[in-house]
Amino acid sequence: KVKKYHHIPLVYLMVLNPRSIFSHEKNVVGVSMAVSPEKQLSAMRRVLPDARRIGVVYDPEKSGEFVRRAVVSAKALRMEIRAQEVASPREVPQTLHALKGAVDAIWMIPDTTVISPETAEAMMLFSLGNGIPVCAFSAKYLGMGALMSVEAGPFDMGRQAGEMAARILAGAKTVDVQAAGAEHAVLTVNETVLRKLRLKMSDEVRATARIVR
């Protein structure tokens, strides 16, 4: 609906994978809902220092760029992304089975092809059945069985978008304002799942993360 408005600046907020929607529009800028892969992987390293092989199920049409960035970021942290492509939610359970024994953690990214109530449940069953933690992009999945989540802070996203809007209102051209990912990441750890998987949490993580049970 908004793509038809070419004569006014548009600042988006709370959008997943904005580049798959807005690609060449010169009047559009904003803040992606997704926390950068660098920040998410760094948080995983803090919570799961022994996890080296990270499994990701994704649709290359939706999350190809994000996964490519993740592969580069993981190498810098001495981690490895083991990515599996799918084209529909029906392929997710079988793809998870193929990752059994090949990964130390599953990374649930905000891919609208991959994530549905059914596939999220399949990931949690895979996690508990194989002792492999799930790292999610939203704290709502902790109640389903994910170990941890790294999500954008809504207040900070609003501040970022407000700063962009203020620059444009002050005279800056929209094309000269840089689109951004969420700067502030909120780490939440499910202590009940931590115990079930027989994992330990460092004092540093306990002091800085939000803990739920």
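Before any of the text, the structure's been laid out above.
Overview of the structure. (Residues numbered from 1 in each chain as written. Predicted model: local features only at pLDDT ≥ 70, side-chain atom pairs only at ≥ 80, totals over all residues. Heavy atoms only, no water.)

Each helix and strand counted, the chain has seven helices and ten strands in total. Relative to its length of 213 residues, the chain is compact, with a C-alpha radius of gyration of 18 Å against a globular reference of 17 Å. Principal axes of the C-alpha set define a box for the chain whose edges measure 55 × 40 × 30 Å. Relative to its full complement of 213 residues, the chain shows a buried share of 48%. (Helix = DSSP H or I, 4+ residues; strand = E, 2+ residues; numbered from the N terminus. Rg over C-alpha atoms; globule rule 2.2 N^0.38 Å. Buried < 20%, exposed > 50% of the residue type's maximum accessible area, 1.4 Å probe, protein only.)

With respect to topology, three strands assemble into an open sheet ordered S1-S2-S8, the strand pairing being parallel. The sheet terminates laterally at strand S1 (10–15) and strand S8 (180–182), the two strands that pair on one side only. Taken over all neighbouring pairs, the strand axes of this sheet differ in orientation by 25° on average, direction set aside. The pairing of S1 with strand S2 (residues 28–35) spans four bridges and is parallel. Its bridge partner lying in S2, leucine 10 is registered against valine 28. (Pairing = 2+ DSSP bridges. Axes fitted to C-alpha atoms, helices over the stretch in contact; angles between N-to-C directions.)

Next up on the list: the environment of alanine 136. Examined against the element boundaries, alanine 136 turns out to sit in strand S6 (residues 134–136). Along the chain, alanine 136 and phenylalanine 22 lie 114 residues apart, while their C-alpha atoms are 25 Å from each other.

We now examine helix H2 (residues 60–76). Here H2 spans 22 Å end to end across 17 residues, near enough to the 24 Å set by a 1.5 Å rise per residue. For H2, the set of buried residues is Ser63, Gly64, Phe66, Val67, Ala70, Ser73 and Ala74. Of the surrounding elements, those touching the buried residues of H2 are S2, helix H1 (37–47), strand S3 (53–58), strand S4 (80–85) and strand S5 (105–107). Where H2 begins, the side chain of aspartate 59 points an oxygen toward the backbone nitrogen of glutamate 61, at a separation of 2.9 Å. (Expected span 1.5 Å × (residues − 1). Contact = heavy atoms within 4.5 Å. Polar contact = N/O pair within 3.5 Å; in protein donor to acceptor, adjacent residues only side chain to side chain.)

What follows covers the pattern of salt bridges. The final tally for this structure, using the stated rule, is nine salt bridges. Ionic pairing is found between aspartate 104 and arginine 53, a salt bridge with its closest N-O pair at 2.9 Å. Of this pair, aspartate 104 sits in the loop between helix H3 (92–98) and S5 while arginine 53 sits in strand S3, placing them 51 residues apart in sequence. Overall, the relative accessible area of 25% leaves arginine 53 in the partly exposed class. (Salt bridge = Lys/Arg side-chain N within 4 Å of Asp/Glu carboxyl O.)

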